[in-house]
Amino acid sequence: MNKPWFSKPTKLRSGAHIAIIGGGISGVMLMLHLQNVDYNVTLIEKENQILSGASGNPAAILDPYLSVSETIEKTFYLKAYFYALKFYEELGGGILECCDLIKMSNSEDQIKRFEKLTQTYEGDLLTLSSEGLMCSPSGYITPNKIRKIMEGSDAVVNETSISRLEQLDDKSWSLYDTNGHLILEADAVIISNSYLATKFEQTRHAELDHIAGQISLLSPQFRENNILCSEGYVTPIVSTEFGDANICGATFEKDGTLEITDEAHKENLSKAPFAFKNTHLIGGRRGIRAMSNDHLPLCGPVPNFVKYQKEYSGLHHGPRHKNFPEPSYHPNLFINVGLGARGFLSAPILAKHLTALIGGTQSPLKDKISNALHPGRFIIRALSKK
């Protein structure tokens with residue numbers, strides 16, 4: 001079936017100025033990829049440093065999404081996993097801490113599933129051991145080391161919150177702060193500020209859930225150089241603002257609050273795959289993730305919601321007897337949000353993909369996956385079911 005609503009956007013000329021709203025891992029990866037192909041990039045972050053909020057944990061584990069079924073999610077996240085390992089390693093600076101990740105078995109059914117998984121995945125990614133399912137290579141990312149390699153960049157603007165976007169006649173954009181002051185003008189804009197993406201008029205229809213997550217930092221007791229996962233996870237000893245610690249996490253809470261709670265600490269400890277003898281908490285951290293209803297990111301050009309509704313209103317009658325027009329996008333406006341709990345894993349390949357869409361080059365993702373990530377997919381699904 002022809003799907004014009006997923007067609008690629010118009011290519012943006014080399015050297016154009018692109019503003020990225022949001023300095024989390026999504027925005028930072030976009031900045032690095034776009035600069036690599038000679039775009040002029042400005043990264044705008046509302047906090048006083050990049051990689052704050054949900055991207056500011058002391059360590060971010062690269063936990064592969066595993067499935068015995070052949071699904072879009074499996075294909076996408078497997079591709080994202082290996083690309084992330086390669087990209088972070090090539091960034092240098094010790095950003096990627098390599099270690100094994102062990103998914104602990106706690107039932108006969110779990111062991112049987114692990115056996116099926118080892119048969120499903122090619123290569124040496126998965127190995128059954130006496131402890132459970134070992135994933136190798138794997139590891140975790142240290143966000144603070146990413147900050148260090150970007151220190152002093154003139155392309156980063158901190159402590160600035162963009163609240164309004166206004167399209168200019170020549171398809172470029174003006175960006176205004178919360179006081180209505182013009183911050184800058186750019187040839188293109190990428191909205192990459194997680195759950196706050198819906199505050200803009202152009203993207204207020206984006207379907208995103210706000211999920212709070214809390215981690216718990218404990219005085220070091222687990223001294224192995226691997227990550228343990230079950231319902232929760234435990235990291236090796238990592239350096240944090242509170243001192244050296246094992247990290248346990250992370251909760252998934254729909255209340256959306258940023259207040260650290262004792263209840264969340266208790267949940268993390270109860271689900272931890274390591275029996276801490278001394279549950280001495282030395283700190284905690286909490287952030288809010290943005291997640292879509294189908295658990296895939298929204299990555300691509302921003303549809304004009306009103307025009308999409310009008311132009312594709314006849315979808316529920318079936319497409320065979322209709323000629324549908326090319327999509328109406330907001331020119332040179334893009335979005336990359338909804339990365340959820342696997343932000344550090346998916347951010348590099350999403351940045352590669354979106355950079356390719358903007359520059360008119362070959363994406364690392366096949367069209368089937370690109371369409372599954374398209375920001376207009378929920379509009380199309382709703383119209384198809386009417």
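Here is a short report on the structure shown in this document. Predicted, not measured: the structure shown is a model, and the values here were computed from it.

**So, the layout of surface pockets**
Moving on, step 1. Reported here for the second largest pocket is a volume of approximately 450 Å³.
Moving on, step 2. P58, N144, R147, S239 and T240 are the residues nearest the centre of the second largest pocket, which is lined by 20 residues in total.
Moving on, step 3. Put simply, the parts of the chain that give the lining of the second largest pocket at least two residues each are α4 (143-149) and β15 (238-240).
Moving on, step 4. In terms of residue count, α4 provides more of the lining of the second largest pocket than any other element does, five residues in total.

**Description of the state of the cysteines**
Moving on, step 1. Scanning the model with the defined rule gives zero disulfides in all.
Moving on, step 2. We note that C99 lacks a disulfide partner, and the nearest cysteine sulfur, in C98, lies 7.8 Å from it.
Moving on, step 3. With relative accessibility at 7%, the residue C99 sits in the buried group.
Moving on, step 4. C248 carries a free sulfur, and the closest cysteine sulfur to it, the one in C229, is 11 Å from it.

**Considering the packing of helix α2 (residues 72-91) against helix α7 (residues 343-359)**
Angle between the axes and distance between the axes: these two values describe a pair of packed helices.
Moving on, step 1. The geometry of α2 relative to α7 is characterised by a closest axis approach of 7 Å and an angle of 90 degrees between their N-to-C directions. With respect to α7, the element α2 is oriented roughly perpendicular. For the pair α2 and α7, the contacting residues are F76, Y77, K79, A80, Y81, Y83, A84, F87 and Y88 in the first and F344, L345, S346, P348, I349, L350 and K352 in the second.
Moving on, step 2. Of the residues in the contact of α2 with α7, the class split is 13 nonpolar, one polar and two charged.

**Some words on helix α5 (residues 262-271)**
Moving on, step 1. Restricting attention to buried positions, one finds in α5 the residues A264, H265 and N268. Angular distribution of buried residues about the axis of α5 spans 105 degrees; they occupy a single face of the element. Exposed side of α5, more than 90 degrees from the buried face: D262, E263, K266 and S270 are the residues found there.
Moving on, step 2. Looking at the buried residues of α5, the elements they touch are β12 (209-218), β16 (243-249) and β17 (281-291).

**Considerations on the sheet that holds strand β2 (residues 40-44)**
Moving on, step 1. Across the sheet, six strands lie side by side as β7-β2-β1-β11-β19-β18; this open sheet has mixed pairing. If you trace the sheet from one side to the other, it starts and ends with β7 (156-157) and β18 (298-303), each paired once.

**Digging into the packing of helix α1 (residues 25-36) against α7**
Moving on, step 1. The N-to-C vectors of α1 and α7 enclose an angle of 40 degrees; their axes lie 8 Å apart at closest approach. On the basis of the axis angle, α1 is oblique to α7. Relative to α7, α1 is oriented so that their crossing is right-handed. Here I25, S26, M29, L30, H33 and L34 of α1 lie close against α7, whose contacting residues are G343, F344, A347, P348, A351, K352, L354, T355 and I358.

Calculation rules
Residues numbered from 1 in each chain as written. Predicted model: local features only at pLDDT ≥ 70, side-chain atom pairs only at ≥ 80, totals over all residues. Heavy atoms only, no water. 1 Å grid on protein atoms, 1.4 Å probe; cavity = no way out; pocket = protein on both sides within 12 Å on 5 of 7 lines; lining within 4 Å. Points joined across faces, edges and corners; volume = space filled by probe spheres on them. Helix = DSSP H or I, 4+ residues; strand = E, 2+ residues; numbered from the N terminus. Disulfide = S-S within 2.5 Å. Buried < 20%, exposed > 50% of the residue type's maximum accessible area, 1.4 Å probe, protein only. Axes fitted to C-alpha atoms, helices over the stretch in contact; angles between N-to-C directions. Parallel < 35°, antiparallel > 145°, perpendicular 65-115°, else oblique. Contact = heavy atoms within 4.5 Å. Nonpolar A, V, L, I, M, F, W, Y, C, P; charged D, E, K, R; others polar. Arc of directions from axis to C-beta. Pairing = 2+ DSSP bridges. Left-handed = near helix turned anticlockwise from the far one by under 90°.

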